[in-house]
Amino acid sequence: MKSLIAVLAAFLSTAAWAQPAPADTRARAERDLFERVVEIPTVAGRGEMPRLTTLLAEEFRSVGITDIQIKPHGDTQSMIVRWPAARRSSGQATRLRPILLMAHMDVVEARRADWTHDPFEFREADGYYWGRGAADNKAGVVAIVAVLKRLKASGFQPNRDIIVLFTGDEETQQDGARLAASEWRSLIDAEYALNSDGGGGSIYRDGRVRGFGFQTAEKVYADFRFLATNRGGHSSAPRADNAIYQLAGALRNLEAYRFTPLLNETTRASFEATASSDSGLWGATIRVWLDDPQNVEKADAVEALSPGSTRTRCIATQLAAGHAPNALPQRAEATVNCRIFPGVDPAAVLAELEAIAGREVRVEVIDAAVPSPASPLRADIMDAFRAALSRKYPNAPLVPVQLNGATDGAYLRAAGI
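Residues numbered from 1 in each chain as written. Predicted model: local features only at pLDDT ≥ 70, side-chain atom pairs only at ≥ 80, totals over all residues. Heavy atoms only, no water.

Draft legend 1. Fine view of the sheet that holds strand E1 (residues 67–73). Read from one edge to the other, the open sheet built from five strands follows the order E1-E2-E6-E3-E7, with strand pairing classed as mixed. The sheet is open, and its two borders are formed by E1 and strand E7 (192–195), each paired with just one other strand. Neighbour-to-neighbour, the strand axes of the sheet open up by a mean angle of 20 degrees, direction not taken into account. Pairing analysis gives seven bridges linking E1 to strand E2 (residues 76–83), with the strands arranged antiparallel. Paired with Lys71 across the bridge in E2 is Ser78. (Pairing = 2+ DSSP bridges. Helix = DSSP H or I, 4+ residues; strand = E, 2+ residues; numbered from the N terminus. Axes fitted to C-alpha atoms, helices over the stretch in contact; angles between N-to-C directions.)

Below, the structure is given as structure tokens:
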């Protein structure tokens, strides 16, 4: 199935950049589909997702891909599409496991008053396609649809099932990915998944290629609450155990705390690639740390220039305290958001936070982490991606990367895909 990866990668490498007006009908139709998809405002709560799933289902059916399931959940929808493998040949001993192609259909809200142009109006300007979600991640949606349509029209016959998972709430609840990895697991089970929401390339205006990232790991998301409580009183008679001061002390401890520096296969490969291409101070800083990865001071130097890349990070993001200007606070709380390094036990992070907060501040779990280990660097997939890139960008660097944010891929990794 390297041909599938190659075509998909080649399409995605240019999907977000406008190209000169194509002469052939197929390319025009793909560009027009992109416009239609971007202009459907698939924002949480707007009720527009059925318009998009209907459109995409019609596109698949137009080439004879008809195994399509629309899955309602909450106030949105996800969809699962399967292109069955060609009949197994007599010489094939076992059926190969499917490949799963992923993208999310939803986008983050954008108010018209905040933008010079309507964010849900598709435009071409300055050599780019513009529109809410054009890159994140409707380029991925349209790329997958267009590639499978091209392959089907060409007579290509897959030697394993190709499954498509389009989720409807990656930017909010991520229930689509969670359900796919659990209740719908039999529908999407695959040898591996290719997530169009991860990785990507950078190309300078003069055509030089900076490189392409291949995301094989991501940090784990979790929210905690630091909570100090008190029986309160009147501000005219201050108490020594003020809840706000107790919380402030815990947050000051958190600010000063440094989690243990860590490396995995992905981040080491990423840092080594950066160091080999940078002959300046940044490359030297990385090389010094890689030679002594347990050295906190050296890791801090890297972390200062690449925040979140060397360890788990937990940051205070919200505060609430008190109920009246002349009363002692009975409650003071802060939300602490953690991005946990892959492979780190979330229970161990909770224990560290409890030690940081101290005896007077309770730590509670708000949004539990879903452990998501890093994916292995599979040579067959990496080689196929390089082959695709070489058609348009010969010798373009392909670098494994770990995302500090979150994608739907976290749920599949947690489920063993």
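This is not the end of the story, as more comes after the structure.
Draft legend 2. Seen up close, the packing of helix H8 (residues 265–277) against helix H9 (residues 281–290). Interhelical geometry of H8 versus H9 gives an angle of 140 degrees and a closest axis separation of 8 Å. Taken together, the axes of H8 and H9 lie oblique to each other. Here H8 runs over H9; the crossing is left-handed. Counted together, Arg268, Phe271, Glu272, Thr274, Ala275 and Ser276 of H8 and Trp282, Gly283, Ile286, Arg287, Trp289 and Leu290 of H9 form the full contact between these two elements. For the contact of H8 with H9, the residue count by class is six nonpolar, three polar and three charged. (Parallel < 35°, antiparallel > 145°, perpendicular 65-115°, else oblique. Left-handed = near helix turned anticlockwise from the far one by under 90°. Contact = heavy atoms within 4.5 Å. Nonpolar A, V, L, I, M, F, W, Y, C, P; charged D, E, K, R; others polar.)

Draft legend 3. Examining the confidence of the model for the chain more closely. The predicted model of the chain has a mean per-residue pLDDT of 92, with 93% of residues at 70 or higher. The low-confidence segment residues 12–18 (pLDDT under 50) makes 23 contacts with residues lying over four places distant or belonging to another chain. (pLDDT = per-residue confidence, 0-100.)

Draft legend 4. Layout of the pairing of strand E6 (residues 162–167). Summarising burial for E6: six of the six residues are buried, a large majority. The alternating pattern of E6 places Ile162, Val164 and Phe166 and Ile163, Leu165 and Thr167 on opposite faces, both of which are buried. Note that E2 and E6 share five bridges and pair antiparallel. Along E6, the bridge assignment pairs Ile80 with Leu165. Both strand E3 (residues 99–104) and E6 contribute to a ladder of six bridges, which runs parallel. From the neighbouring strand, Ile99 faces E6, where its bridge partner is Ile162. (Buried < 20%, exposed > 50% of the residue type's maximum accessible area, 1.4 Å probe, protein only.)

Draft legend 5. How the structure looks around the state of the cysteines. Taken as a whole and judged by the stated rule, the model has one disulfide. Covalently, Cys314 is tied to Cys338 through a disulfide, its sulfur atoms 2.0 Å apart. The sign of the 115 degrees torsion about the S-S bond sets the Cys314-Cys338 disulfide as right-handed. Here Cys314 is found in strand E12 (residues 313–321), whereas its partner Cys338 is found in strand E14 (residues 331–340), with 24 residues between them in sequence. Classification of Cys338 as buried rests on a relative accessible area of 0%. (Disulfide = S-S within 2.5 Å.)

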